[in-house]
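Spelled out from the first residue to the last, the chains are:
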Amino acid sequence: MTDLSRRTFLKLSGLSTLTVAGATFLTGCGPAAQDSGSDTKTSTDSDAKASGQLGDGKTLRIGMEAAYAPYNWQESKESDTTIPIENVSGAYADGYDVQIAKKIAEALNMEPVAVKMEFGALVDSLSNGTIDIICAGMSVTPERAQSADFTDSYIDDEVIMVVKKDSKYASATKLSDFTGATVLGQKDTFYDELIDEIPEVNHLTPVATVPLVVDGIENGTCDAITFSSMSLPNLLQNYPDLMKVELEDGEGFSDPSNPDNAAIAKGQDDMIAKLNEIIGGISQEDRLNIWQDCMDRQPA
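Residues numbered from 1 in each chain as written. Predicted model: local features only at pLDDT ≥ 70, side-chain atom pairs only at ≥ 80, totals over all residues. Heavy atoms only, no water.

Caption draft 1: Representation of the sheet that holds strand 7 (residues 92-94). Taken in spatial order, the 4 strands line up as 4-5-7-6 in an open sheet, and their pairing is antiparallel. The outermost strands of the open sheet, each flanked by one partner alone, are strand 4 (67-68) and strand 6 (83-84). The pairing of strand 6 with strand 7 spans 2 bridges and is antiparallel. For I83, the partnering residue across the bridge sits in strand 7 and is A93. (Pairing = 2+ DSSP bridges. Helix = DSSP H or I, 4+ residues; strand = E, 2+ residues; numbered from the N terminus.)

Caption draft 2: Spatial organisation of the pattern of salt bridges. Applying the stated criterion across every chain yields a total of 4 salt bridges. Here D94 makes a salt bridge to R297, at a shortest N to O gap of 2.9 Å. Taken as a pair, D94 in strand 7 and R297 in helix 10 (residues 284-297) lie far apart in primary sequence, 203 residues in all. On the accessibility criterion, R297 (28% relative accessible area) is partly exposed. Here K174 ties to D177 by a salt bridge, and the two come within 3.3 Å at their closest N and O atoms. For K174, a relative accessible area of 29% puts it in the partly exposed group. (Salt bridge = Lys/Arg side-chain N within 4 Å of Asp/Glu carboxyl O. Buried < 20%, exposed > 50% of the residue type's maximum accessible area, 1.4 Å probe, protein only.)

Caption draft 3: Geometry of the environment of S254. Tracing the backbone through its elements, the reader meets S254 in the loop between strand 14 (242-244) and strand 15 (257-265). Taking the C-alpha atoms as reference, S254 lies 8.0 Å from E197; in sequence the two are 57 residues apart. Polar side-chain contacts of S254 include one of 2.6 Å to the side chain of E197. (Polar contact = N/O pair within 3.5 Å; in protein donor to acceptor, adjacent residues only side chain to side chain.)

Caption draft 4: Looking closely at the environment of A181. Its location among the elements puts A181 in the loop between strand 10 (148-164) and strand 11 (182-184). Sequence spacing of A181 and H203 is 22 residues, and the spatial spacing of their C-alpha atoms is 8.3 Å. In contact with A181, other than residues within four places in its own chain, are Y169, V201, N202 and D223. (Contact = heavy atoms within 4.5 Å.)

Caption draft 5: Region of the structure containing the nonpolar core. Counting 87 residues, the largest nonpolar core has I104, I133, I134, M161, F178 and I198 as its most contacted members. For this core, the element with the highest residue contribution is strand 10, accounting for 9 residues. Residues contacting I104, with those up to four places away along its chain left out, are L60, I133, C135, L275 and I278. (Core = buried A, V, L, I, M, F, W, Y, C linked by side-chain atoms within 4.5 Å.)

Caption draft 6: Layout of helix 7 (residues 210-218). Most of helix 7 sits out of view: 7 of its 9 residues are buried. When helix 7 is considered as a whole, its buried residues turn out to be V210, P211, V213, V214, D215, G216 and I217. Directly after helix 7, the chain includes G220, whose backbone phi takes a positive value near 85°.

Now the structure itself:
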């Protein structure tokens, strides 16, 4: 990782370094989520499904990146808004997804813990029992729905395009204005998939995290990036050289809507109904207030 990439990652994710015995480590780079792979675990998960509960019914293991503020990020200190990260010693998770997951856990009378992993590994981790639920800024897609069951959305975002203010694309008003442009998005997400709607686009190989996406536009690797509309205010506050591209109605992506859905392993229809009831009980006003609170306290 370049120095710029490392600084950007720390800036957006709220991570820090730790020196032990003369060696420096990035505290956000925790070990991979644990997967026992044992027959006992599989049997327990099957029993849980049959009894209408998630996991062991006591600890709710929530899969997320813990590096996607304001949806989710990592903290080094415990607070009223955090939950422990099970597989990163001394670390805690905060963010909008975390607050919703806490409400779900409370309604299910379970203790929430985060399990940190790459975004692309989340759905498979439901199937193998490493986690019980995904709350990670993830949207339902036909492909994902083949492997997991998704709840109703608990917030609705939108995909936008961001460029530098001095870019030749700053005055673009339609996707076709980006013909031939180099565009970058996050791996395994809707933000990357939509890029192919741009005519003759130079679609760069996606990167693993949002900080690396921002790093791409900042260091000149790409002409434009796809980004979260709801996360834009914080981005522009930290990077005043960037701007949102104002595309005319009907001239943007075919469907830029990007809802945030929770997901669980397939075959738990009663649990999906229960989760939808919990999510449906969170008013739109409460959702927006939770979001704004997360925007205000997310890492600078």
